[in-house]
Structures are given as C-alpha cells and as structure tokens.
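So the chains spell out like this:
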Amino acid sequence: MNFSELNLRQEILKSITKKGYLEPTPIQAQAIPAVLSGRDVMAAAQTGTGKTAGFTLPILEKLSYGTLARENQVRALILTPTRELAAQVHDNIRQYGDNLQLRSGVVFGGVKINPQMKALRGGVDILVATPGRLLDLYSQNTVRFKFLEILVLDEADRMLDMGFIHDIKKILKLLPTKRQNLLFSATFSVDIRNLAKGLIHNPIEISVTPRNTTVEAVNHFLYPVDKNQKTAILIKLIKDLNWEQALVFSRTKHGANKITKQLIAKGISAIAIHGNKSQGARTRALTNFKSGEIRILVATDIAARGIDIEKLPQVVNYDLPQVPEDYIHRIGRTGRAGESGEAISFVSYDEFDLLKNIERLLKQLIERKEIEGFVPTTALPQSKLDTRPFKPKKIKTSRPKNKHQNQKSFKKKTNRYNTRVKKPAKSI
Ligand code: AMP
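Residues numbered from 1 in each chain as written. Predicted model: local features only at pLDDT ≥ 70, side-chain atom pairs only at ≥ 80, totals over all residues. Heavy atoms only, no water.

*Asks:* Any chance you could explain the overall build of the chain here in plain terms?
*Replies:* A tally of helices and strands in the chain yields 17 helices and 17 strands. When burial is assessed residue by residue, the chain has 57% of its 428 residues classed as buried. Partitioning the contacts of the chain with sequence separation of at least 6, the portion at a separation of at least 24 is 75%. (Helix = DSSP H or I, 4+ residues; strand = E, 2+ residues; numbered from the N terminus. Buried < 20%, exposed > 50% of the residue type's maximum accessible area, 1.4 Å probe, protein only. Contact = heavy atoms within 4.5 Å.)

See below:
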C-alpha cells in the first residue's frame, strides 16, 4: 500500500515524504481509514509499530477542514502516560503538520505551568497532555473543551498501570459527550476493556501486534549469573563485542545510578534516565544517546516507556522486570521497524520466580547461554514451562477519599503471581 491511497491531503503527504517513510506500517494502513471514517477506534499496538502516525495523521487531516480553535479551546486532546511520550507525540504532530495552519501544544508536569498557560490562551487545535497537569490547567481556567472533537488515549494500559484512572475519569467528565474516541494500548487487559466500556462506542477494533509477534521477531536469551557479577559481565559484553549502543534496564533508580557510575569508571560513556532526574536532564540524556554521544542508556521501566529510539541493536535486562508484561515491552525496544536486534537478560538465582512468570507469559522457555568465567556459583534452577493460562492482572480502583490522599497514597496492585507496591505515576 501507498500513503497516497489513504486520502490524506497533499500538505500531509509532503511531510511524510520529508520524513522518508516509503509506505504505511500495518497499523497505519488500518488506523488511518478507521479514524477518517469518524468511528471510535480501539487499537492494540505497541511503541515501534508506527502507531503515533496512525492517529496523528488522520487527526491532522480531519482538523484541517474545520474552524480553527478559539481562545482556550482544544479540538483534539491526546492523553499520554509520560512526559517523554507527550513530547514525542507532539514532535511528530509538528513534523507531520508542518505544512498546515493548525496549532498544537504539549503540557506535562515537572516544569513551570505559566508558559503552558500562556501557550493555551489563544487555543490549540491539538493538545498533547499528561492527565495530572491537564487537570491543573483546567482548574486554572486555561483550557476548555467546548469544541472538542477527538479524544485519544495513548498507551492506555500504561496509564492505568501508573494509577491515572481517576484523573482520566475526571477528564472524561469535562468533555462533550459527542466526540470521536481513539484508544491505543499495547495490551487489551480486562481493565482496558472496562475502561473502554464507558468510553468507546461501536468501535473499529484493530490489532497489529499479537502479543508474541514482538517476541518472535527479537533474538532474546539469558545468561544465568551471580548477582554481584552482573556489572562485570555487562562491561565484558560491551567491550568484547564492541557494542555500539545499548539500552540497559535496571529495576530501581538507585541501581540505574550505580550501574552508570561503574560503566563510566571503566571508560564507557553511560547515562541514567529515571524519575528522580529533572525533565531537562532526561531530555538531555535522550538527546545525547540519540546523537550517539552516549553509548549506554541505563533506564528504569517507566522512564524508558515510550521513548522513541530508532534501530536499537542491544537491550539488556540487567534485572528482570517485576511484572512479566514489562519483559515484552522491554525487548520490544530492539529489532524495531524491521531492524534486527538482540535482547539479553542477566538472571540470578533470586530472580528465578520472575523468570518462571515471564516464560509462562511468553509460553516459551528463554534460551540460556553461558560465558566462560561467569558461570554462577549459585546455579539458576532449570525452568519447566508452566502452561496454565496467565490471568490478566487486576488493578485496585477504589476511589480515594480526598485529593490529598490521592496524591500521597500508594497504590497496591496484586495478582496471583506477584505482588507489588508502586508509587503513583506523578512521582516517577
Ligand atoms: P511509533 O510506534 O509511533 O513510536 O513509531 C516508531 C518509529 O517508526 C518512529 O521512529 C517513527 O518515526 C517510525 N515510523 C512511523 N511510521 C513509519 C513508516 N510508515 N515508515 C517508516 N518508519 C515509520
């Protein structure tokens, strides 16, 4: 298929050509006509599939025909879970909408609110926002939705994971009931379906990334290793195999900082990206990594989620993720858009239960390899595939009693296989 068959106007096609895209990705081929049709859309698509253009291109097309946004008003609202994703989606809108008269804006927390208030004053046709900051701006009368035509929830599963459900529900109440709703999510869990019930009407459903496709496309394996040998093995791999660049996942912010320091001490340029870093520091880290100046980016799951890095040859799970689904999100960062890549996990004895859950979710055992000199003293037990179906996890959605409690409370999430306690998103 060709982009010119998708009923997009010349101005948009010109920008696509400038980006160097030759043909629509499968999600784009399906989502663009679906959004243009005016129907609600539910799409299962992960980062890396081209989903952003899948909704931004038809939104630009549709909005380019109507009346431009009036003061403080928004015509299309795109909600994203993280600041990084918000900034990226907005970048895409700017690039794709380069030849149009539409105005766009992006708002997220962690930076001053005043410039955002100013930017919204004249109205924007498309606003990309994280939920918390959007509500702050609304309460200050700087944004209004009277003429809202389209709502997008991008990475809806992650928004629920990060505890945004109450903010999302509050936002929904502020919007006109007659609007087009687009819901993009990596997975369609029970929680997502519940959210969709009250939101989406008679949708066109699109699924281009069945869960295991990503896994099959990626060459992934693990090294059983003692915990205290993980940094040494990482350094050995980077040096011996002369890795150009790698994204290394650490379970904790503290761990990410420590790994980064140890790499730098061995002369390997590295930088950590996590929630304790300021927005400026995160953006700088990402820019330096993208430009190739930095060789290793060490990230926590949430900080890494949605960051747009092309052609990532190596992904390393320094620690296995606590939530098995995150394994798929992580290794999906390699081998993107047709490029081949490699995802390597370092698994120590105490992570065996996590490994079992991941293998159960994948419905396959992960290949094990060994490196001479790094055979663990405490052996990693042999796994046996658990074929019981994996029940989708439930998120507690009890409404907090007051705003203060909402900000301070910790959300507890449980499922049959693991229990974790996670801070709400805004602090991450
Ligand atoms: P996304 O899944 O939206 O995060 O996009 C992943 C990457 O694919 C981004 O770097 C896009 O610039 C790129 N991309 C999106 N659409 C296309 C396309 N049709 N052809 C080639 N690359 C694309």
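*Asks:* Sorry if this is basic, but what is going on with the sheet that holds strand β2 (residues 74–79) here?
*Replies:* Taken in spatial order, the seven strands line up as β3-β4-β2-β5-β6-β1-β7 in an open sheet, and their pairing is parallel. At either end of the open sheet lies a strand with only one pairing partner, and these are β3 (104–107) and β7 (204–207). Strand-to-strand twist in this sheet, taken as the mean axis angle between neighbours without regard to direction, amounts to 15 degrees. Examined bridge by bridge, β3 and strand β4 (residues 124–129) share four bridges and lie parallel to one another. Across the sheet, the residue bridging to Ser104 is Ile126, located in β4. (Pairing = 2+ DSSP bridges. Axes fitted to C-alpha atoms, helices over the stretch in contact; angles between N-to-C directions.)

*Asks:* Just checking my understanding: could you explain the pairing of strand β8 (residues 219–224) for this structure?
*Replies:* Each regular strand shows side chains that alternate between the opposite faces of the sheet. Burial runs high along β8: five of the six residues are buried. For β8 and strand β13 (residues 342–347), the ladder comprises six bridges, and the chain directions are parallel. Among the inter-strand pairings, Asn219 is bridged to a residue of β13, identified as Glu342. Looking at chain direction, β8 and strand β14 (residues 367–368) are connected through two bridges and run parallel. Paired with Phe221 across the strands is Glu367, a residue of β14.

*Asks:* Can you walk me through the nonpolar core in this structure?
*Replies:* Nonpolar side chains in soluble globular proteins tend to end up buried together. Grouped together as the largest cluster of nonpolar side chains are 38 residues, with contacts concentrated most on Leu57, Ile59 and Leu182. The element that contributes the greatest number of residues to this core is helix α3 (residues 51–63), accounting for six residues. In this structure, Leu182 is in contact with Val35, Arg39, Val41, Phe55, Ile59, Ile150, Leu151, Val152 and Leu153, ignoring residues within four places of it in sequence. Core analysis: the second largest hydrophobic core is formed by 36 residues, Met117, Leu135, Leu175 and Ile302 among them. (Core = buried A, V, L, I, M, F, W, Y, C linked by side-chain atoms within 4.5 Å.)

Keep in mind that these numbers describe shape and distance, not what the molecule does.
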